[in-house]
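Residues per chain are reported as follows:
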Amino acid sequence: MTDASVAITQSAVERFAEVYLPSVGCSIEKQGDNWRVTPDEDAETELITETVSIVIGDDADADNDLVRALHPESSFFQELLTEASERSPVGKVSVDTSRTSVEPPSWIENDTVEVTETNFTPFYDRTAVVILFQVSIETVSEYQTELLRAAAIDLRSEEPLAKLEETFLEQTSLEKDSIKTGRTDIERCDVEPLVRDAGEILVDRIQPRIDEIHQEASRAADSEVEEYRQMQEQRMEELEGKHTTLSSKVDELNVAIEQSAQSERMELLKERKEVKSAYKDIEEELADLREARERGFPERQREIRSRHAIDVRVKPLTLTQVEYERGEVTFELTTGDESQSVTIGYGSGVGTTESIVCSNCGQNLCEENPISAIKCGVQCSHCGD
């Protein structure tokens, strides 16, 4: 998964617990993969009210009140994550040029064109929200993908701000120093539609990954269905062989009964009855298997495909109001003896908010069509080469 996402790996889970537990008044004493966690008298957590042992990793025996397992799928980690998000579900931060540097877009520099100076002029402050979601994509029999993913929306224009999502996650990373937060002034009635809109944006973005996992699960299900079909074909061949053998056995017993003496007749009749019963059982099983094969083994297919169905859950955890500066940035470009300046819209933490066009052909300059010459205005790769 790429873009503004944080994979919930084992190391990320451990780092989160290392930071969160002390922040709510718990001390951690480490002994290898076993942590002894003790709450202070005034600890601000309901999860740990007495000393507990935390076992790092997937330990099936560690799942009770005093011994908890810590790994991405563990109930203890989910409880920690839920408590942390409930403690600070909303907040407000500022992103300005004192915290973020102005980054030239990738299409503006190359082997010959160099940005020698950058000047950002903010005109006004804008407000966005960044909503952090917990995304779980699971197939019962295959694997589970867990990650935290952010979605940012400008409150005025309602445009998604992908770069701001990356900036937010970077600045709120556990590896970064804590940032100053405040109280959000977004009205409660506005939160629900914001979460809904952000959730829709998020699902649209992860849809390719959902489709990819769905296809992988479908292939796994198809493989299992085919394996089951082959096993049933093999079973039918075995039954058909036994069916033929028992049929021959009944014929032999019929002859034997006709030719037998009275003293042997009762025993042969009993044996023929048993053979006929076995013959009938196999005949019925064969009939059932043949009928199921003709219908494509529907019951087994439903069971297999249900087991390989994917379960996608998108749960909002936090909403953060983000104030950022918006204005213009001027890039001074040089190439040899030539120089040129380019001014475009820019937001702190957001990046460039508009594009410029080639002065010759009018096409947008972008990653696929980068700048290549500045002698007669900025020219794209098609015109400047």
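Residues numbered from 1 in each chain as written. Predicted model: local features only at pLDDT ≥ 70, side-chain atom pairs only at ≥ 80, totals over all residues. Heavy atoms only, no water.

Time to look at the overall build of the chain. A tally of helices and strands in the chain yields seven helices and 13 strands. Here the C-alpha atoms of the chain give a radius of gyration of 34 Å, more than 25% beyond the 21 Å that 2.2 N^0.38 yields for 385 residues. The principal-axis extents of the C-alpha atoms in the chain amount to approximately 120 × 70 × 45 Å. Per-residue burial for the chain yields a buried fraction of 37% across its 385 residues. Put simply, 62% of the contacts in the chain that link residues at least 6 apart link residues at least 24 apart. Looking at the chain as shown, the accessible area adds up to about 22200 Å², and 43% of this sits on carbon and sulfur atoms. One way to put it: in the chain the 40 positive side-chain charges average out to a point 8 Å from where the 83 negative ones average out. (Helix = DSSP H or I, 4+ residues; strand = E, 2+ residues; numbered from the N terminus. Rg over C-alpha atoms; globule rule 2.2 N^0.38 Å. Buried < 20%, exposed > 50% of the residue type's maximum accessible area, 1.4 Å probe, protein only. Contact = heavy atoms within 4.5 Å. Areas by Shrake-Rupley, 256 points an atom, 1.4 Å probe, with all protein chains shown as cover. Lys, Arg positive; Asp, Glu negative; His and termini not counted. Charge placed at Lys NZ, Arg CZ, Asp CG, Glu CD.)

Let us look at the UniProt feature "coiled-coil region" (unreviewed entry) in the chain. The feature "coiled-coil region" (unreviewed entry), as given by UniProt, occupies residues 214–295 in the numbering adopted here. Taken as a whole, residues 214–295 contains 96% helix and 0% strand, while its terminal C-alpha atoms sit 25 Å from one another. (UniProt positions renumbered as here; feature names shortened; annotations may be inferred.)

Let us now look at unusual backbone geometry. Here Glu158, not a glycine, exhibits a phi torsion of approximately 65 degrees, which is positive. Note on placement: Glu158 falls in the loop between β8 (144–154) and α3 (162–171). Glu158 sits in the exposed class, given a relative accessible area of 58%. Even without being a glycine, Phe297 presents a positive backbone phi close to 50 degrees. By secondary structure assignment, the location of Phe297 is in the loop between α5 (262–294) and α6 (298–307).

Within a sheet, each strand pairs with its neighbour through backbone hydrogen bonds, oriented either parallel or antiparallel. Spatial strand order, β2-β3-β4-β5: four strands in an open sheet with mixed pairing. Two strands lie at the open edges of the sheet, namely β2 (26–31) and β5 (67–70), each paired on one side alone. With direction set aside, neighbouring strand axes in the sheet form an average angle of 25 degrees. The pairing of β2 with strand β3 (residues 34–39) spans six bridges and is antiparallel. Across the sheet, residue Cys26 finds its bridge partner in β3, namely Pro39. Contacting β2, β3, β4 (52–56) and β5, helix α1 (residues 10–23) crosses the sheet at an angle of about 135 degrees to β2. Docked against the sheet, helix α2 (residues 75–87) engages β4 and β5, running at close to 80 degrees with respect to β5. (Pairing = 2+ DSSP bridges. Axes fitted to C-alpha atoms, helices over the stretch in contact; angles between N-to-C directions.)

Our next topic: a negative patch on the surface. A cluster of acidic side chains, namely Asp281, Glu283, Glu284 and Asp288, defines a negative patch on the protein surface. Along the chain, the position of Glu283 falls in helix α5. (Patch = residues over 30% accessible without salt bridge, like charges linked within 9 Å, V, L, I, M, F, W, Y side chains within 5 Å. Salt bridge = Lys/Arg side-chain N within 4 Å of Asp/Glu carboxyl O.)

With that settled, the discussion passes to the pattern of salt bridges. If you walk through the whole model with that rule in mind, you get 26 salt bridges. In this structure, the salt-bridge partner of Glu79 is Arg68, at a minimum N-O distance of 3.4 Å. On the criterion of sequence distance, the pair formed by Glu79 in helix α2 and Arg68 in strand β5 is long-range, its members being eleven residues apart. Ionic pairing is found between Glu303 and Arg307, a salt bridge with its closest N-O pair at 3.0 Å. Separated by four residues within a single helix, Glu303 and Arg307 lie in helix α6, roughly one turn from each other. Look at Glu303 and you get partly exposed, because its relative accessible area is 34%. On the accessibility criterion, Arg307 (25% relative accessible area) is partly exposed.

Counting 36 residues, the largest nonpolar core has Leu21, Val37, Ile54, Leu70, Leu80 and Leu164 as the members making the most contacts within it. Sequence-distant contacts of Leu70, that is, excluding residues within four places in its chain, are made with Gln10, Val13, Glu14, Ala17, Trp35, Ile54, Val55, Ile56, Gly57, Phe76, Phe77 and Leu80. Core analysis: the second largest hydrophobic core is formed by 18 residues, Phe331, Leu333, Val378 and Cys380 among them. (Core = buried A, V, L, I, M, F, W, Y, C linked by side-chain atoms within 4.5 Å.)

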